[in-house]
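Letter by letter, the chains look like this.
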Amino acid sequence: MSANLIDGKTLANKVKESLQNDIKRLGNDRGIVPGLTVILVGNDPASQIYVRNKERACKEVGIRSNVVYMEENIHQDDLLREIYRYNQDSDTHGILVQLPLPDHIDEGTIINAIDPRKDVDGFHPITMGSLFVGGDGFEPCTPKGIIALIKETGEEIAGKHAVVIGRSNIVGKPVSIMLLRENATVTVCHSRTKNLKSIAQSADILIVAMGRPESIDSEYIKEGAIVIDVGTTRVEGKLKGDVKFNEAFQKAGWITPVPGGVGPMTIAMLLKNTLQAATIHE
Ligand code: GUN
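Being a predicted model, the structure only gives us computed values, none of them experimental.

Draft legend 1. Looking closely at the overall build of the protein chain. Helix and strand counts for the protein chain stand at 10 helices and 11 strands. A compact globule built from 282 residues would reach a C-alpha radius of gyration of about 19 Å, and the protein chain, at 19 Å, matches this within 12%. By its C-alpha atoms, the protein chain is 55 × 45 × 40 Å across when sized along the principal axes. Of all 282 residues assigned to the protein chain, the portion counted as buried reaches 49%. Here the contacts in the protein chain between residues at least 6 apart in sequence split such that 72% fall between residues at least 24 apart. Carbon and sulfur atoms provide 48% of the accessible area of the protein chain, an area that totals close to 13600 Å². Across the protein chain, the centroid of the 32 positively charged side chains sits 3 Å from that of the 36 negatively charged ones.

Draft legend 2. Quick look at the pattern of salt bridges. Under the counting rule described, the total for this entry stands at 12 salt bridges. Here lysine 16 makes a salt bridge to glutamate 60, at a shortest N to O gap of 3.0 Å. Here glutamate 60 lies in helix H2 (residues 45-61) and lysine 16 lies in helix H1 (residues 8-30), a separation of 44 residues in the sequence. For lysine 16, a relative accessible area of 15% puts it in the buried group. The exposure class of glutamate 60 is partly exposed, given its relative accessible area of 40%.

Draft legend 3. View of the site of the ligand. As a structural note, the neighbourhood of the ligand is formed by Leu96, Val97, Gln98, Leu99, Asp121 and Phe123. Here a nitrogen atom of the ligand sits 3.2 Å away from a polar atom, N or O, in the side chain of glutamine 98. For the ligand, a nitrogen atom lies 2.6 Å from a polar atom in the side chain of aspartate 121. Relative to its unbound accessible area of 280 Å², the ligand is 79% covered by the protein chains. Grouping the constituent residues of the shell around the ligand by class yields 4 nonpolar, 1 polar and 1 charged.

Draft legend 4. Inspection of the packing of helix H5 (residues 125-132) against helix H7 (residues 172-181) at higher detail. Interhelical geometry of H5 versus H7 gives an angle of 25° and a closest axis separation of 9 Å. With respect to H7, the axis of H5 lies roughly parallel. For H5 against H7, the interelement crossing comes out left-handed. Touching Met128, Leu131 and Phe132 of H5 are Pro174, Ile177, Met178 and Arg181, all from H7. Looking at side-chain class alone, the contact of H5 with H7 contains 6 nonpolar, no polar and 1 charged residues.

Draft legend 5. View of the sheet that holds strand S4 (residues 94-97). As summarised here, the arrangement of the 3 strands in space is S3-S2-S4, forming an open sheet in which the pairing is parallel. Looking at which strands have only one partner, the edges of the open sheet turn out to be strand S3 (64-70) and S4. Across the sheet, the axes of successive neighbouring strands diverge by a mean angle of 15°, strand direction being ignored. Pairing of strand S2 (residues 35-41) with S4, which is carried by 4 bridges, proceeds in the parallel orientation. Each residue of the ladder has a partner; that of threonine 37, found in S4, is isoleucine 95. Along the sheet face, helix H3 (residues 76-88) touches S2, S3 and S4 and points at about 165° away from the line of S3.

Draft legend 6. Looking closely at the sheet that holds strand S5 (residues 161-165). Spatial ordering of the open sheet is given by S1-S11-S8-S7-S5-S6, a layout of 6 strands whose pairing is parallel. In this open sheet, the two strands that pair with only one neighbour each are strand S1 (4-5) and strand S6 (185-189). Here 2 bridges tie S1 to strand S11 (residues 254-255), and the two strands are oriented parallel to one another. Bridge pairing in S11 links asparagine 4 to tryptophan 254. In the packing of H7 onto the sheet, contacts are made with S5, S6 and strand S7 (205-208), and the angle to S5 comes to roughly 170°.

Draft legend 7. Expanded view of H7. Of all 10 residues in H7, 7 are buried; the element is thus mostly enclosed. Looking at H7, one finds that the buried residues are Gly172, Pro174, Val175, Ser176, Ile177, Met178 and Leu179. Tucked inside the fold, the buried residues of H7 contact H5, helix H6 (141-152), S5, S6 and S7. Two residues or fewer after H7 comes asparagine 183, characterised by a positive phi angle close to 70°.

Draft legend 8. Structural detail: the environment of isoleucine 146. Tracing the chain through its elements places isoleucine 146 in helix H6. Sequence separation between isoleucine 146 and methionine 265 is 119 residues, and the spatial gap between their C-alpha atoms is 7.6 Å. Discounting chain neighbours no more than four positions away, the residues touching isoleucine 146 are Val171, Val175, Ile207, Ile228, Val230 and Val262.

About the thresholds
- Residues numbered from 1 in each chain as written.
- Predicted model: local features only at pLDDT ≥ 70, side-chain atom pairs only at ≥ 80, totals over all residues.
- Heavy atoms only, no water.
- Helix = DSSP H or I, 4+ residues; strand = E, 2+ residues; numbered from the N terminus.
- Rg over C-alpha atoms; globule rule 2.2 N^0.38 Å.
- Buried < 20%, exposed > 50% of the residue type's maximum accessible area, 1.4 Å probe, protein only.
- Contact = heavy atoms within 4.5 Å.
- Areas by Shrake-Rupley, 256 points an atom, 1.4 Å probe, with all protein chains shown as cover.
- Lys, Arg positive; Asp, Glu negative; His and termini not counted.
- Charge placed at Lys NZ, Arg CZ, Asp CG, Glu CD.
- Salt bridge = Lys/Arg side-chain N within 4 Å of Asp/Glu carboxyl O.
- Near = heavy atom within 4 Å.
- Polar contact = N/O pair within 3.5 Å; in protein donor to acceptor, adjacent residues only side chain to side chain.
- Nonpolar A, V, L, I, M, F, W, Y, C, P; charged D, E, K, R; others polar.
- Axes fitted to C-alpha atoms, helices over the stretch in contact; angles between N-to-C directions.
- Parallel < 35°, antiparallel > 145°, perpendicular 65-115°, else oblique.
- Left-handed = near helix turned anticlockwise from the far one by under 90°.
- Pairing = 2+ DSSP bridges.

Quick look at the structure:
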């Protein structure tokens, strides 16, 4: 048996087309052009590529993007001041501070400074808390994209055993909560988990978000499972997922490729959250 491919690029394009129409309508009806401010600190080449991709995607759907470049050695207070400025700026509906930040800057302090009404990344503790109790705040982009990719298969999530490998604040923790909300039975695994292989083998839905390239082979995968590969590590200039794609493809029922799986959906969900932020704007 070989798997069906879950094509994140095509799904992201579908989402973007629909957003383009919604954004046009918002402009016509209420005169609002959604605005996203992205703050990039330093010269990390990967972050520069991510930010450029976000800018391009904004342009495609009619979101006004504003990228603020700051020096690597900037003082934390200067970054905070910039965030406060855009918290007050009525043309900015969403604020995103590209991570990682340089070591001398405290990530938690920075995320905390973003107005939760503009927290389109979904990283603020208030936004996260709302996600936990089932509120209607922003959902973090990668987990939101993952849920959309699983739904694209047409398979029911309720009652399935979902295994999440990775417990980061950006992916593992929030996606676990969102799968729980979809009535999956959820197991969260991490670097200290014992018997990882046997737990993964029992997953109907396997989400792999470890950041360790090609570390999950077909032995970890149950026949017919839905496999979502969140890993994107650059190895010798090529993007690699956490899953050994070729062998996993022979065993899974559904699988996302890297690149072209989760990545494009993360950006599409950022655009969606920015529209949501602009829509609730008074
Ligand atoms: N760095 C890697 N992924 C992300 C993301 O989703 N948001 C932000 N702000 N930074 C990132």
